[in-house]
Amino acid sequence: IQELLRVMRTIDDRIVHELNTTIPTASFVGKIDAGQTCKELYQSLMDAHTSRERIIKNCIAQTSSVVKTLREEREKAQDDVALLKQLRKEQTKLKLMQSELNVEEVVNDRSWKVLN
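The structure presented is a predicted model; accordingly, all values stated were derived computationally and were not measured.

### Comments concerning the UniProt feature "coiled-coil region" (unreviewed entry) in the protein chain
Under the UniProt annotation, the feature "coiled-coil region" (unreviewed entry) is placed at residues 60–90. Regarding residues 60–90, the helix share stands at 87% and the strand share at 0%, and the terminal C-alpha atoms are separated by 11 Å.

Okay, here's the thing in structure tokens:
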């Protein structure tokens, strides 16, 4: 998931470049509709942020469900070491997904500041 998010964050990583290539210089100001181009960039950014947040929250929900199930199984079979390892692995994955929400907030905030 981290690799997928890294690829999906390309628009945010390149926001300054996108703005520099989107906003026309004085010599091209009449040939390009800067307002429309900015709206398109804004919409692309919104779509990217929305889809990434949806993916992260979806992963959190699925992993939370797995953790809940494993906890219930663990209560029934407390001596099962393999089950405990699986539970810890899923809990670590859940924490990673939750931290991705914080990363997403920082990335989004940075991009909006640059765009504004």
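### Description of the nonpolar core
Within the largest apolar cluster, 10 residues are counted, these being Leu-5, Ile-56, Cys-59, Ile-60, Val-67, Leu-70, Leu-83, Leu-87, Leu-94 and Met-97. Of all the elements in the fold, those that place two or more residues in this core are helix H4 (34–76) and helix H5 (81–115). One finds Ile-15, Leu-19, Leu-41 and Leu-115 within the second-largest nonpolar core, a separate group that totals 5 residues.

### Points about helix H3 (residues 15–22)
Looking only at H3, the buried set comprises Ile-15, Leu-19 and Thr-22. For H3, the angular spread of the buried residues around the axis is 75°, confining them to a single face. Pointing more than 90 degrees away from the buried face of H3 are the exposed residues Asn-20 and Thr-21.

### Describing H5
In this model, H5 (35 residues) spans 51 Å end to end at C-alpha, consistent with the 51 Å of a helix rising 1.5 Å per residue. Buried within H5 are the following residues: Leu-83, Leu-87, Glu-90, Leu-94, Met-97, Glu-100, Glu-104, Val-107, Asn-108, Ser-111 and Leu-115. Where H5 begins, the capping side chain belongs to Asp-80, and its oxygen is found 3.2 Å from the backbone nitrogen of Ala-82.

### A word on the environment of Leu-45
Looking at the element boundaries, Leu-45 is found in helix H4. Along the primary structure Leu-45 and Ile-11 are separated by 34 residues, whereas in three dimensions their C-alpha atoms are 7.0 Å apart. When residues no more than four places from it in sequence are discounted, the contact partners of Leu-45 are Ile-11, Asp-12, Ile-15, Ser-111, Trp-112 and Leu-115.

About the criteria used
- Residues numbered from 1 in each chain as written.
- Predicted model: local features only at pLDDT ≥ 70, side-chain atom pairs only at ≥ 80, totals over all residues.
- Heavy atoms only, no water.
- UniProt positions renumbered as here; feature names shortened; annotations may be inferred.
- Helix = DSSP H or I, 4+ residues; strand = E, 2+ residues; numbered from the N terminus.
- Core = buried A, V, L, I, M, F, W, Y, C linked by side-chain atoms within 4.5 Å.
- Buried < 20%, exposed > 50% of the residue type's maximum accessible area, 1.4 Å probe, protein only.
- Arc of directions from axis to C-beta.
- Expected span 1.5 Å × (residues − 1).
- Polar contact = N/O pair within 3.5 Å; in protein donor to acceptor, adjacent residues only side chain to side chain.
- Contact = heavy atoms within 4.5 Å.

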